[in-house]
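Now for the letters of each chain:
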Amino acid sequence: MINNHPKALKVLFFTEMWERMSYYGMRGILVLFMTASIQNGGLDFSNSSASAIYGIYAAAVYLATLPGGWIADNLYGQQKTVLYGGIVIMFGHLILAIPNMSLFYIGLTLVVIGTGLLKPNISALVGGLYENKTDMRESGFTIFYMSINLGSILGFFICGYLGENIGWHYGFGAAGIGMLFGVIQYKLNMKSLGKTGLSPSNSINLEVKNKYERIILVISLFISLLIISGLMGFWSIDPLPLANITTIVIASISLAYFFYIYFLGNLNKDEKKKIIMIFILFIGAALFWSGFDQGGSSFNIFAKEYTDRMIFGWEYPASWLQILNPLFVVILAPFISYLWIYLGRKMLDPSLPFKFGMGLIFMAIGFIIIAVGAQIAISEGLASAKWLLLTYLFHTIGELILSPIGLSAISSLSPKRYIGQMMGIWFLASSLGAILAGLISGQATNEGLSSMPDLFNQIAIISTIAGLILILIAKPLQRWVFKKSEL
Ligand code: GLN
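Residues numbered from 1 in each chain as written. Predicted model: local features only at pLDDT ≥ 70, side-chain atom pairs only at ≥ 80, totals over all residues. Heavy atoms only, no water.

Participant: Any chance you could explain the overall build of the protein here in plain terms?
Facilitator: Each helix and strand counted, the protein has 15 helices and four strands in total. For 487 residues, the compact-globule formula gives about 23 Å, and the C-alpha radius of gyration of the protein, at 22 Å, lands near that figure. Principal-axis analysis of the C-alpha atoms gives the protein an extent of 60 × 55 × 45 Å. Here the protein holds 487 residues, and 55% of them are scored as buried. In the protein, the share of contacts with a sequence separation of at least 24, taken over all contacts with a separation of at least 6, comes to 82%. Only carbon and sulfur atoms are counted for the fraction: they give 67% of the accessible area of the protein, which is about 22000 Å². (Helix = DSSP H or I, 4+ residues; strand = E, 2+ residues; numbered from the N terminus. Rg over C-alpha atoms; globule rule 2.2 N^0.38 Å. Buried < 20%, exposed > 50% of the residue type's maximum accessible area, 1.4 Å probe, protein only. Contact = heavy atoms within 4.5 Å. Areas by Shrake-Rupley, 256 points an atom, 1.4 Å probe, with all protein chains shown as cover.)

This is the structure we're talking about:
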């Protein structure tokens, strides 16, 4: 069956696999590195500062996908933008491999910029391969989602082991080498993509192009100057208030965009209803990612400090527990997609808001489990790894219900002329979720273990309520938004 897919899918599969290997490999040890003591090679940051930086970093990665998509559409085309992105990411990780505090933020910034260039455009290239084979597109994206998760498994495994057991910077270096493999592989096989994403989709003349390039250069210089002046001690900022401000900025950008498109987008009545549906799904997705992204932050700290990780007399790295998420994705994805086909045949395929609601309920169950684990760790010192295992299991089921359908949901609901921008909205939900996740993790870990159970239970309550609201409004909302013929 894989033979029927376009040959170039293989190139994108391995590029994304190496890119995610480097992204998750580094992210898997980032909070552990920041919170480790100086003697242990870390930065000795508090849990809440480290969580805030992690949140800002992950949110910036997803935010950068908006300009990244724009640059491909208007200046270089997706093919080249993916290559440039891969190279920038590689340098970012290699710079992080140098144990020097001043280089730390420069490395992180390069990974943000590079991922912004690569991530949205590689997904668009996958879509582009199926222009004439739309019936196979969903299956193509399912295979692509596997590459994301195989890459994550490799990343957590390799960078986690090197980072925690040998030295943090070896972990970061391995992420850079992984991306190098991805870049070489992509460059050698890029030709097989043919005309897909070869040139920018919007044709602009050379003069305008030069103007845009100059603007980008000025912005890049400004960002570099900002970082370098900060590193030289001209200014400093507490990450926690910065994370709060970032949350407000991202939430405001999202709201402003929805207002703009609703009131000034020249939409007809039916299109407006669909935008409201996207808005509701957007809130559901942001809430989901804010809980789900505890994997790299508070759950990671819980794994490191309060989980019994001994196996045959050997203590395995804390970041290895994060492998459970991508592993469960690879195992469970075929079952979930079969479930939708099966229910579809019986005309019982649940509506989008219902699926998003269920995603939130599964997330809540995961948090109830980890709250119990944290309670046990309080009374017994260490908790068994089964609590994290079960939490990741439920969170992965939630992810599989909500995430793979997200992009296709947005593309089918948005007015055709706004599709590109509305795809950006999906990444904006990940960005908002990531920054909220950083703040939540800071709250959950600021007093060590004792603050965890209550906060995890509160998250469980909030996401259950949000999930139930989505499930309850699913049917009426669906009837209101879609015409009878569309249902
Ligand atoms: N795990 C998926 C990926 O890395 C989705 C993550 C997200 O959107 N927050 O692509």
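Past the structure itself, the notes keep going.
Participant: Where do I start with the site of the ligand in this structure?
Facilitator: Taken together, R20, Y24, Y62, K119, Y145, I148, W289, E399 and S430 are the residues near the ligand. Residue R20 places a side-chain N or O atom 2.7 Å away from an oxygen atom belonging to the ligand. Note that an oxygen atom of the ligand is positioned 2.6 Å from one of the side-chain N or O atoms of K119. Contact with the protein chains removes 92% of the 300 Å² of surface that the ligand exposes when unbound. Listing elements by their share of the shell around the ligand, those giving two or more residues are helix 1 (9-35) and helix 5 (137-166). Its residues assigned to classes, the shell around the ligand comprises five nonpolar, one polar and three charged. (Near = heavy atom within 4 Å. Polar contact = N/O pair within 3.5 Å; in protein donor to acceptor, adjacent residues only side chain to side chain. Nonpolar A, V, L, I, M, F, W, Y, C, P; charged D, E, K, R; others polar.)

Participant: What is the right way to read the nonpolar core from this model?
Facilitator: Where a protein is soluble and globular, its nonpolar side chains tend to be buried together. Core analysis: the largest hydrophobic core is formed by 147 residues, its most contacted members being M34, Y57, Y186, F302, M422 and F456. If you tally residues by element for this core, the top one is helix 1, at 16 residues. For Y57, the residues in contact, after removing those within four places along its chain, are Y23, M26, R27, L30, L108, V111 and V112. (Core = buried A, V, L, I, M, F, W, Y, C linked by side-chain atoms within 4.5 Å.)

Participant: Which parts of the structure should I look at to understand the side chain of H5?
Facilitator: Relative to the elements of secondary structure, H5 occurs in the segment before helix 1. Polar side-chain contacts of H5 include one of 2.7 Å to the side chain of Y130. Beyond its immediate chain neighbours, meaning those up to four positions away, H5 contacts Y130, K133, M136, S139, G140 and I143.

Participant: Would you take a moment to explain the pattern of salt bridges for this structure?
Facilitator: Note on pairing: side chains with opposite charge can pair once their charged atoms come close. Inspection of the entire model under this criterion finds seven salt bridges. For E16, the salt bridge goes to R20, with nearest N and O atoms at 3.9 Å. With E16 and R20 both in helix 1, this residue pair falls four residues apart, about one helical turn. In this structure E16 comes out as buried when scored by relative accessible area, which is 0%. (Salt bridge = Lys/Arg side-chain N within 4 Å of Asp/Glu carboxyl O.)

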